[in-house]
Amino acid sequence: MALKCGIVGLPNVGKSTLFNCISSSKAQAANFPFCTIEPNVGSTTVPDARLGVLTDICHPKRTIPATVEIVDIAGLVKGASRGEGLGNQFLANIRETDAILHVLRCFDDPNVTHVDGTVDPVRDKEIIDVELQIKDLETVTNRLSKLQKQAQTGGDKQAKKAVDVLLRYKEVLEQGRNAREVELDNAEDRKIAREFCLLTNKPVLYVCNVDEGAAAAGNAYVEAVRRAVEGENAQILVISAKIESEIAELEDSEERAMFLGEIGLEESGVVRLIQSAYALLNLQTFFTAGADECRAWTIHKGDKAPQAAGVIHTDFEKGFIRAEVIKYEDFVALRSEAACRAAGKLASEGKEYVVQDGDIMHFLFNV
């Protein structure tokens, strides 16, 4: 499964610069609104040192990391929900993503134009929030109009459940709050909610784009954002897109490490961003490892062995018999599958086994 994240924000907050740093593409980045009109799509590998260790042990013919797809969505403006600034198309692009990376400008620079004249990341956040909330309220109202009739005239129990969920969202959205603030109690309600594809129900990571001096510790703008999102189920990441663009130009890993050390960082913002996106979507990694291939696979936390098998191929899930599982630490310590088997460190697991992050797996199936 490929993770798809949409980068959103007002014009000139650093979205396209950040996109260039984390994808293999080169989006246009310039100092004027609507520089990005069509969404740029790129992909990058998910950083995971464990895959490199497995490669060193197995010496496979090829190594395949997990990937993340990034969509650089054009700058939204006030009125986007009514079509301002080509807003309807931009909102449609957001709807197709799994998570939102909301970039907020948290730096002062007289040479970079701000669409509203002054730097205020909390105001900027609220502008985007309002536009997404208006669109969600429109979606909820339209669905309610249809489903309430079904629930009343046809006695449709499923429609009634959907109406109950929609009414909870409607109440929150009318208060100027995001749909993700609604806590649904059971799996059935959450499944119903996913079908509505509400924009403000998507997991969000607020990316505070700061100047070089604030890359390690943040600044007053970042603290203001933290206070503003306290009530949300959201995360914050501090990053300097300018620094990341400089790091991206360095090909030597030692140079990168030295550069990061000089500004007080252990890892680049790009690495932290992708890791945060994984955590945001409750994802984890399992591996397949051997002489032919070492590969990282992405699944949701809580997925069972057959579901993990299905990520490799649907036939693996349909005909699942069992999974042979080695813990990453055991494989690294013993250096081979044969040694793990001999030491009793290879477990045979059935359909109810919940896959753990870092598991090395081999599936047996029959179709």
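Residues numbered from 1 in each chain as written. Predicted model: local features only at pLDDT ≥ 70, side-chain atom pairs only at ≥ 80, totals over all residues. Heavy atoms only, no water.

## A short note on the packing of aromatic side chains
Then step 1. One pass over the full model with this rule turns up four aromatic pairs.
Then step 2. Residues F286 and W297 carry aromatic rings whose centres are separated by 6.4 Å and whose planes lie at 15° to one another, so their mutual orientation is stacked. Linking F286 in strand 8 (residues 283-289) with W297 in strand 9 (residues 293-300), this pair joins segments that are 11 residues apart in sequence.
Then step 3. F286 sits in the buried class, given a relative accessible area of 0%.
Then step 4. Aromatic rings pair up to connect F286, W297, F320 and F363 into one cluster.
Then step 5. Positioned over the ring face of F107 is R105, at 4.5 Å from the centre of the ring. (Phe/Tyr/Trp six-rings, centres within 6.5 Å; stacked < 30°, edge-to-face > 60°. Helix = DSSP H or I, 4+ residues; strand = E, 2+ residues; numbered from the N terminus. Buried < 20%, exposed > 50% of the residue type's maximum accessible area, 1.4 Å probe, protein only. Lys NZ or Arg CZ within 6 Å of the ring centre and 35° of its normal.)

## Re the pattern of salt bridges
Then step 1. Under the counting rule described, the total for this entry stands at 20 salt bridges.
Then step 2. In this structure, the salt-bridge partner of E138 is K135, at a minimum N-O distance of 3.7 Å. One end of the pair, E138, and the other, K135, are both in helix 4 (residues 121-153), three residues apart, so they sit about a helical turn from each other.
Then step 3. A salt bridge links K327 to D359; the nearest nitrogen and oxygen atoms lie 2.8 Å apart. Here K327, found in the loop between strand 10 (320-326) and helix 13 (328-334), pairs with D359, found in the loop between strand 11 (346-349) and strand 12 (360-365); they are 32 residues apart in sequence, far enough to count as distant. (Salt bridge = Lys/Arg side-chain N within 4 Å of Asp/Glu carboxyl O.)

Without other data, these values stay purely geometric and don't point to any function.
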